[in-house]
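One-letter residues, chain by chain:
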Amino acid sequence: MAVIHHTTLKPTKLDLLTAWLPSRPWYRGAAEPELAKAGGFRLDDPQGEVGIEFMVVTDASGPQPVAYLVPLAYRGAPLEGTEHALVGTMEHGVLGQRWAYDGCHDPVLVAQLVALIEGRAQAQDQNVSDTPAREVVVSRTGEGSFSSGFTATDDREGTALTTPQGQVLRLHRALQPAADGLVALPQGATGHVAGSWEAPDGTRARGAFAVLHGGSRA
């Protein structure tokens, strides 16, 4: 399992996201976000090369605070062909220079998200090594593997990861807290990933992070 290094980052992740978030079509805040880390989880790269983090940040710059899901892939070298998905670079106190990408465009992150939904991977704590993220809940109907080869498309509602066969894994970027904290599988969906985060008032909120639509193949 991945080791969490408690060290310095220059610039910080929040610094990178403050500059990057306003460029996204699903961003709903002001030109200068007021961000705070609010939750999330990690996934392990089986090869140990790519850091995978699903970060939740809250933004207080608009009329109402909004929580955003930001999947990030951290690499030790640029990923060819994904310059458009680069969030920024930072200097890690242990690992040196790191390239942070919008994870929806990183094949390793997407593959591990698929593995999580299929039950082949386990969500890990965001801050503690070798510790499951117990507030992350995954559900799926059916068996077998679903198609690979996702294409990422951003719109005002979030990010759609679509396969040539028409399966869609939609990531909710502006998160919606579920009523009474109960996150149900949406009608017509075949799987989902849900989790929790800390609201600006200190309460815990729960909601769907990603929802899968479309069948599976054996």
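Every value quoted in this text rests on a predicted model; they were computed, and no experiment measured them.

**Observations concerning unusual backbone geometry**
For residues that are not glycine, phi is negative in most cases, and the peptide bond is trans in most cases. Positive phi values are uncommon outside glycine, yet D130 reaches one of about 55°. Assignment of secondary structure puts D130 in the loop between α2 (107-118) and β7 (137-140). Of the residues examined, D130 reaches a relative accessible area of 51% and is grouped as exposed.

**Some thoughts on α2**
Taking 1.5 Å per residue, 12 residues should reach 16 Å; α2 reaches 16 Å between its end C-alpha atoms and fits that length. α2 sits mainly inside the fold: 9 of its 12 residues count as buried. Between the side-chain oxygen of the N-cap and the backbone nitrogen of V108 there are 2.9 Å, and the N-cap of α2 in question is D106.

**Digging into the packing of aromatic side chains**
Going through the model one piece at a time under the given rule, you end up with 6 aromatic pairs. Taking 5.9 Å as the distance between ring centres and 45° as the angle between the ring planes, the aromatic pair formed by W26 and Y68 counts as tilted. One end of the pair, W26, is in the loop between α1 (13-20) and β2 (35-43); the other, Y68, is in strand β4 (residues 66-75), with 42 residues separating them in the sequence. For the pair F41 and F209, a centre-to-centre distance of 6.2 Å together with 5° between the ring planes defines the contact as stacked. Taken together, the positions of F41 in strand β2 and F209 in strand β12 (residues 204-213) put the pair 168 residues apart, joining distant regions of the chain.

**Quick look at the environment of Y68**
A relative accessible area of 0% means that Y68 is categorised as buried. With 10 residues separating them along the chain, Y68 and T58 place their C-alpha atoms 6.2 Å apart.

**Notes on the pairing of strand β9 (residues 158-162)**
It is a general feature of regular strands that their side chains alternate between the two faces of the sheet. With 4 of 5 residues buried, β9 is to be regarded as a mostly interior element. Connecting the antiparallel pair strand β8 (residues 151-155) and β9 is a turn made up of 2 residues. Strand direction decides the pairing type here: β9 and strand β10 (residues 168-172), joined by 5 bridges, are antiparallel. Looking at β10, one finds that T159 is bridged to L171. Counting the residues that bridge the hairpin from β9 to β10 gives 5 residues, and of these G166 lies at a positive phi of roughly 95°.

**Side note on the nonpolar core**
With 32 residues, the main nonpolar core has F41, F54, V56, L169, L171, V193 and W197 as its most contacted residues. Elements with a minimum of two residues in this core: β2, β3 (51-59), β4, α2, β10, β11 (191-198) and β12. Sorting elements by how many residues they give to this core places α2 first, with 6 residues. Formed by 18 residues, the second largest nonpolar core is a distinct cluster that contains L21, L35, V57 and A174.

**Side note on the side chain of S196**
By secondary structure assignment, the location of S196 is in strand β11. For S196, a relative accessible area of 8% puts it in the buried group. There is a polar contact of 2.9 Å between the side chain of S196 and the side chain of R204. Once you skip the residues sitting within four places of it in the chain, S196 turns out to touch G40, E135, R204, A205, R206 and F209.

Rules and cut-offs
- Residues numbered from 1 in each chain as written.
- Predicted model: local features only at pLDDT ≥ 70, side-chain atom pairs only at ≥ 80, totals over all residues.
- Heavy atoms only, no water.
- Helix = DSSP H or I, 4+ residues; strand = E, 2+ residues; numbered from the N terminus.
- Buried < 20%, exposed > 50% of the residue type's maximum accessible area, 1.4 Å probe, protein only.
- Expected span 1.5 Å × (residues − 1).
- Polar contact = N/O pair within 3.5 Å; in protein donor to acceptor, adjacent residues only side chain to side chain.
- Phe/Tyr/Trp six-rings, centres within 6.5 Å; stacked < 30°, edge-to-face > 60°.
- Pairing = 2+ DSSP bridges.
- Core = buried A, V, L, I, M, F, W, Y, C linked by side-chain atoms within 4.5 Å.
- Contact = heavy atoms within 4.5 Å.

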